[in-house]
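For reference, the chains in residue letters:
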Amino acid sequence: TIANIQADETGSAQGRWHDVVMAAGIVSHNPIVGAGIGNDMLALNKYRGKETFRSVHNAYLQYAVDLGVPGLLLFVWLHVRCFRSARRVEQWSTSDEAVRPLGPLAAGVQVSLAAFFVAAMFHPIAYQFYFFSIAGLAVALKNTCRAELTRARLTDVGAQ
C-alpha cells in the first residue's frame, strides 16, 4: 500500500495518510510554538472533529506538531550531531591505536541512528526511549574516545 494507498481495503493506509496531511496542516497553523509538548493527539482530535487519541505515525511530525518548526529543527540537529560524533570516533579509531577498539561500537551507533531515522518516519515514537538511548551511547562514545586519547597522550609524554 506504500505505492497505492487505495489498495488497502482496511482503510488503515488512508487513515495514516489523512493524519499526515492533517498534522502538516496543524504545523502550518502553528509553525513557531506548535500545540505544546505532548499535545499532538489533542490537536489531531480537534482537527479530526472526533476523539480517537491517535498520534500521527511519524515521529518528526509529532515533534513539529508539538514543538513547532524550531523544535523539529532542534531534534534533527541533535540527531545529526550524534551521527557525526559517532562517525568522527570511527575515523579516529582507524588512525589512532589508542581508540581502535571503539571503531565497531561507533559503527554500531551510526547504524542504529540511521535505522532510527528511517523507522521514525513510520512510527509515533517521538518521546520514547529509543532515540535517547542511542544518543546517550553516542555521547558516551565521544567522551570515552576523548578520555582515551588524552590518556594515551599523557602516557606518551610521561614515557619521554
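Report on the accompanying structure. (Residues numbered from 1 in each chain as written. Predicted model: local features only at pLDDT ≥ 70, side-chain atom pairs only at ≥ 80, totals over all residues. Heavy atoms only, no water.)

1. Section: the layout of surface pockets
Any space left empty among the atoms is revealed by the rolling of a water-sized probe across them. Roughly 340 Å³ of volume is contained in the largest pocket. Forming the walls of the largest pocket are Thr1, Ile2, Ile5, Ala13, Arg16, Trp17, Val20, His57, Asn58, Met121 and Phe122. A class-by-class count of the residues in the lining of the largest pocket yields seven nonpolar, three polar and one charged. (1 Å grid on protein atoms, 1.4 Å probe; cavity = no way out; pocket = protein on both sides within 12 Å on 5 of 7 lines; lining within 4 Å. Points joined across faces, edges and corners; volume = space filled by probe spheres on them. Nonpolar A, V, L, I, M, F, W, Y, C, P; charged D, E, K, R; others polar.)

2. Structural notes on the nonpolar core
In this structure, Val109, Phe116 and Leu141 are the most contacted members of the largest nonpolar core, which totals 34 residues. Looking at this core, the elements that each hand over two or more residues are helix H1 (12-29), helix H2 (40-48), helix H3 (59-95), helix H4 (103-119) and helix H5 (129-159). With eleven residues, H3 is the largest single contributor of residues to this core. Not counting residues up to four positions away in its chain, the partners in contact with Val109 are Ala86, Ile134, Leu137, Ala138 and Leu141. (Core = buried A, V, L, I, M, F, W, Y, C linked by side-chain atoms within 4.5 Å. Buried < 20%, exposed > 50% of the residue type's maximum accessible area, 1.4 Å probe, protein only. Helix = DSSP H or I, 4+ residues; strand = E, 2+ residues; numbered from the N terminus. Contact = heavy atoms within 4.5 Å.)

3. Regarding the environment of Tyr127
Its location among the elements puts Tyr127 in the loop between H4 and H5. Separated by 58 residues in the primary sequence, Tyr127 and Val69 place their C-alpha atoms 17 Å from one another. For Tyr127, the contacting residues outside a window of four places in its chain are Ile37, Gly38, Tyr63, Asp66, Leu67 and Phe132. Separated by 2.7 Å, the side chains of Tyr127 and Asp66 make a polar contact. (Polar contact = N/O pair within 3.5 Å; in protein donor to acceptor, adjacent residues only side chain to side chain.)

4. What to know about the packing of H3 against H4
When two helices pack together, their arrangement is given by the angle between their axes and by how far apart the axes lie. Contact pair H3 / H4: the axes reach a minimum separation of 9 Å and the direction vectors enclose 155°. The pairing of H3 with H4 is recorded here as roughly antiparallel in orientation. H4 is crossed by H3, and the crossing has left-handed handedness. Contact residues: Tyr60, Phe75, His79, Cys82, Phe83, Ala86, Arg87, Val89, Glu90 and Ser93 in H3; Gly103, Ala106, Ala107, Val109, Gln110, Leu113, Phe116 and Phe117 in H4. Considered class by class, the residues forming the contact of H3 with H4 number twelve nonpolar, four polar and two charged. (Axes fitted to C-alpha atoms, helices over the stretch in contact; angles between N-to-C directions. Parallel < 35°, antiparallel > 145°, perpendicular 65-115°, else oblique. Left-handed = near helix turned anticlockwise from the far one by under 90°.)

5. Quick look at the packing of H1 against H3
Running from N to C, H1 and H3 point in directions that differ by 15°, and their axes come no closer than 9 Å. By the angle between their directions, the pair H1 and H3 is classed as roughly parallel. Here H1 runs over H3; the crossing is left-handed. Listed contacts from H3 to Val20, Ala23, Ala24, Ile26 and Val27 of H1 are Leu61, Ala64, Val65 and Val69.

6. A closer look at the side chain of Ser93
Within the secondary structure, Ser93 sits in helix H3. Taking relative accessible area as the criterion, Ser93 reaches 4% and is therefore assigned buried. Setting aside chain neighbours within four positions, we find Ser93 in contact with Val99, Arg100, Leu102 and Gly103.

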